Amino acid sequence: MNTIIDKIDIWTTAQELKTSNRGRSASNQSLLGIKKLRELILELAVSGKLVTQDPNDEPASELLKKIEAEKIKLIKEGKIKKQEVLSEIGDDEKTFELPEGWEWVKLGNLVTIQTGKKDVNEGNEDGIYPFFSCAAVSLKSNNYSYDCEALLLPGNGANVGLVTYYNGKFEAYQRTYILNDFKILFPKYIEKSLNARFLKSIEGKQFGSAINYIKIGNLLNFIFPFPPLDEQHRIVAKVDELMALCDELENQQTNSNVSHEALVATLLSSLTDAEKSNSIDESWQRIANHFDILFTTEHSIDQLKQTILQLAVMGKLVSQNPEDEPASELLKKIAKEKAQLVKEGKIKKQAPLPEITEDEKAFVFPKGWEVSRLGTFTIVGTGSTPSRDRSVYYDPQEYNWVTSGETGQDFIFETNEKVSALALKETNVSIYPKGSLIIAMYGQGKTRGQISELMIDAGTNQACAAVVLINKEEAHRKYVKYFFKKAYEELRSHSAGGAQPNLNLGKVANTVIPIPPLAEQHRIVSKIDELFALCDGLKERLIEAQTLQNQLAVAVVEQAIN
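Draft legend 1. Geometry of helix 10 (residues 298-314). Between its first and last C-alpha, helix 10 extends 25 Å over 17 residues, near the 24 Å set by a 1.5 Å rise per residue. For helix 10, a buried count of 15 out of 17 residues is recorded, marking the element as mostly surrounded by other parts of the structure. Looking at the residues trailing helix 10, positive phi occurs at glycine 315, about 85°.

Right, here's the structure in full:
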């Protein structure tokens, strides 16, 4: 108990580390410390270390005799079926020494285990009684098969193995296990025991083929520590008290994170909303004065990065130089070069893209800037997937070939697959030069809208758009790439489709991009690189600190248990 209270700062600051936080706010991050605290409370509870033992308690062996007598009586009365005798518990299965008066037991020797009767589709929101599926308890049923005190355990799905206590009328899905017959038992202790140890006992084991499903044998043979009945009540009372403390800590931490995010968002928006350079300087100074307390989560650092990119494409990150050659001249040179490439037969002449409307011009841009569609000053193409039925398209492996999943990398130095020269000849795969930007048009999860850069010549599948820059200057390419990193969410919002929305080549080519003078692009990219290096340094230090905090949380758990 002292371990829990004394180390409260460790529990409340340890957080689950994420390799990518795109779209994930700090308030939604799992608090690993409090999660570990909950695990510790349950583990201490079922190992006899959470409350003191009372030598006057009737030992668990006597309770087990009463349970056995009650089961024999119910079998004689025809109320339950006689079950197969379970094997004895071996010494090697008794993982630690129990307190005086405790016993090791198998779950099948204590309770009756059955499954629900309903198909998952038989639940509905208009029903009267709770419908327990493997995913949630939100659905209801107009009928009920059970009216009892029971523990419900999903056999598969997102909540597999997570036990819920319920007392009353309900219906259950076919793959939800129902544990009941608690006339003598105290079901809430069994609930705590299962939640503490059952999932660990099946961790890493596969129970089905396409769907991982807990078998009834895993439940019947589940071994756990069984204390005297009076101690079970004391344990459950103490667990409930400490779990309420965890809830309170979690709420405090969540509220703190939400407030922190709101503060960061407000201060950063003051930068992008400012119209005059002196206002931007003032806003930046306010942030700079409190850098160490503002950017303390991965999410807040990612917000800072997005603000830097937003300022860059608005013309507010670096100062303008009236001596710079205007962007209109850059676009004229690119148009002339594209026309020459068409004349030489190196690229096809494209249809003119629509004029940019006033509504598409999101900001008032500085003097010397222009607004253009991506397809106007680049070449935008895609690829295809050669038939998998023709092995000759993939053997010999001669040309790099990119899929949308690989756009999660900033740079592509090597592809997971390669295609043959015959695939290039007989399919729509085209090879794009090193330096081309690859945008995922569709793919699972966060893939759609991601951008990467080829560090090799490569073709793509049809889920990727390849952007070939006419102007080959590195700063120009990096500016366009940074723009798409800034526009990730906006680009995704332009997707169309049902269950898995997609972008298409037309939407990518029609993307409206603000174009600064080329000299200013150099200054913008240099400033972004400088500030991003600062952000990455902040994040590395943050991860190091969180890793140490998490190691402390785990160490305290191990110390308390062992």
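Draft legend 2. Examining the confidence of the model for the protein more closely. Predicted confidence across the protein gives a mean pLDDT of 85, with 86% of residues reaching 70 or more. Here residues 17-30 is a poorly scored stretch, pLDDT under 50, and it has 31 contacts once near neighbours within four places are set aside; other chains count.

Draft legend 3. Region of interest: the nonpolar core. The biggest cluster of nonpolar side chains holds 57 residues, and the ones touching the most others in it are Phe295, Leu374, Phe484 and Ile528. Among all residues touching isoleucine 528, those that are not within four sequence positions of it are Ile308, Leu309, Ala312, Leu317 and Tyr482. Counting 50 residues, the second largest nonpolar core, distinct from the first, contains Phe186, Leu194, Tyr213 and Phe224.

Draft legend 4. Local environment of the sheet that holds strand 16 (residues 459-460). If you walk across this open sheet you meet the three strands as 13-11-16, and the pairing is mixed. Each having just a single partner strand, strand 13 (417-419) and strand 16 make up the two edges of the open sheet. When strand 11 (residues 399-402) meets strand 16, the two strands line up parallel, connected through two bridges. Paired with tryptophan 401 across the bridge in strand 16 is glycine 459.

Draft legend 5. Just the side chain of glutamine 232, in detail. On the secondary structure map, glutamine 232 appears in helix 7 (residues 229-273). Classification of glutamine 232 as buried rests on a relative accessible area of 0%. The contact partners of glutamine 232, leaving out residues within four places of it in the chain, are Leu63, Phe186, Tyr189, Phe226 and Pro227.

Draft legend 6. Molecular detail of the packing of helix 10 against helix 14 (residues 474-486). At their nearest, the axes of helix 10 and helix 14 sit 9 Å apart, and the two run at 125° to each other. Judged by the inter-axis angle, helix 10 sits oblique to helix 14. The interaxial crossing formed by helix 10 with helix 14 has left-handed handedness. Contacts between helix 10 and helix 14 pair Gln306, Leu309, Gln310 and Val313 from the former with Tyr479, Tyr482, Phe483, Lys485 and Lys486 from the latter. Tallied by class, residues from the contact of helix 10 with helix 14 come to five nonpolar, two polar and two charged.

Draft legend 7. Seen up close, the packing of helix 7 against helix 10. In the contact formed by helix 7 and helix 10, the axes pass within 10 Å of each other and the chain directions differ by 10°. By the criterion of interaxial angle, the relationship of helix 7 to helix 10 is roughly parallel. Handedness of the helix 7/helix 10 crossing: right-handed. The segment helix 7 lies against helix 10, with His260, Glu261, Val264, Ala265, Leu268, Leu271 and Thr272 engaging His299, Ser300, Gln303, Leu304, Thr307, Gln310, Leu311 and Met314. Of the residues assigned to the contact of helix 7 with helix 10, the class counts are seven nonpolar, seven polar and one charged.

Draft legend 8. Representation of the sheet that holds strand 7 (residues 176-180). If you trace the six strands from one edge of the open sheet to the other, you get 2-7-5-6-3-4, paired in mixed fashion. Where the open sheet ends on each side, the last strands, each with one partner, are strand 2 (112-115) and strand 4 (140-141). With two bridges connecting them, strand 3 (residues 129-132) and strand 4 associate as antiparallel partners. Bridge pairing links proline 130 to lysine 140 in strand 4. The sheet strands contacting helix 5 (residues 187-202) are strand 5 (146-154), strand 6 (164-172) and strand 7, and the helix crosses strand 5 at an angle near 10°.

Draft legend 9. Expanded view of the environment of histidine 233. With respect to the element layout, histidine 233 can be found in helix 7. For the pair histidine 233 and tyrosine 189, spaced 44 residues apart in sequence, the C-alpha to C-alpha distance is 7.4 Å.

Draft legend 10. Up close: the packing of aromatic side chains. What the rule picks out here adds up to 15 aromatic pairs. With 5.3 Å between their ring centres and 65° between their planes, phenylalanine 132 and tyrosine 166 make a pair best called edge-to-face. Of this pair, phenylalanine 132 sits in strand 3 while tyrosine 166 sits in strand 6, and the two are 34 residues apart along the sequence. Overall, the relative accessible area of 5% leaves phenylalanine 132 in the buried class. What makes tyrosine 166 partly exposed here is its relative accessible area of 22%. Where phenylalanine 222 meets phenylalanine 224, the ring centres are 5.5 Å apart and the plane angle is 15°; that geometry is what we call stacked. Within the aromatic cluster, the residues linked to one another by ring pairs are Phe132, Tyr146, Tyr166 and Phe170. Over the ring of phenylalanine 532 we find lysine 305; its NZ or CZ atom is 4.9 Å from the centre of that ring.

The rules we used
- Sequence order sets the numbering: in each chain, residues are counted from 1 along the sequence as written.
- Only residues with pLDDT of at least 70 are given local features in this predicted model, and only at 80 or more are side-chain atom pairs given and counted; all residues enter the totals for whole chains, interfaces and linings.
- Side-chain figures throughout are based on the complete set of non-hydrogen atoms in the structure, without hydrogens or water.
- Note on conventions: DSSP H or I runs of at least 4 residues are helices, E runs of at least 2 residues are strands, and numbering of each starts at the N terminus.
- Expected helix span is taken as 1.5 Å per residue step, with the number of steps being one fewer than the number of residues.
- Only protein chains enter the accessibility calculation, which uses a 1.4 Å probe; a residue is then buried when its area is under 20% of its type maximum, exposed when over 50%, and partly exposed in between.
- Per-residue confidence from the predictor is reported as pLDDT, a score between 0 and 100.
- Note on contacts: a residue pair is in contact if any heavy atoms of the two residues lie within 4.5 Å.
- Here, the term nonpolar core denotes a set of buried Ala, Val, Leu, Ile, Met, Phe, Trp, Tyr and Cys residues that are joined through side-chain atoms within 4.5 Å.
- The pairing criterion is simple: DSSP has to find at least two bridges between the two strands.
- Throughout, an axis means a line fitted to C-alpha atoms (over the contacting stretch in the case of helices), and angles, computed between N-to-C directions, take values from 0 to 180 degrees.
- Orientation labels follow simple angle bins: below 35 degrees gives roughly parallel, above 145 gives roughly antiparallel, 65 to 115 gives roughly perpendicular, and whatever is left gives oblique.
- Handedness of a helix crossing follows the sense of rotation of the near helix relative to the far helix, less than a right angle counterclockwise being left-handed and clockwise being right-handed.
- Under the scheme applied here, ten amino acids are nonpolar (Ala, Val, Leu, Ile, Met, Phe, Trp, Tyr, Cys and Pro), four are charged (Asp, Glu, Lys and Arg), and all others, including Gly, are polar.
- By convention, a stacked pair of Phe, Tyr or Trp rings (six-membered ring in the case of Trp) has centres within 6.5 Å and planes under 30 degrees apart, an edge-to-face pair has planes over 60 apart, and any other such pair is tilted.
- Put simply, a charge is over a ring when the Lys NZ or the Arg CZ is close to the ring centre, within 6 Å, and near the line of the ring normal, within 35 degrees.

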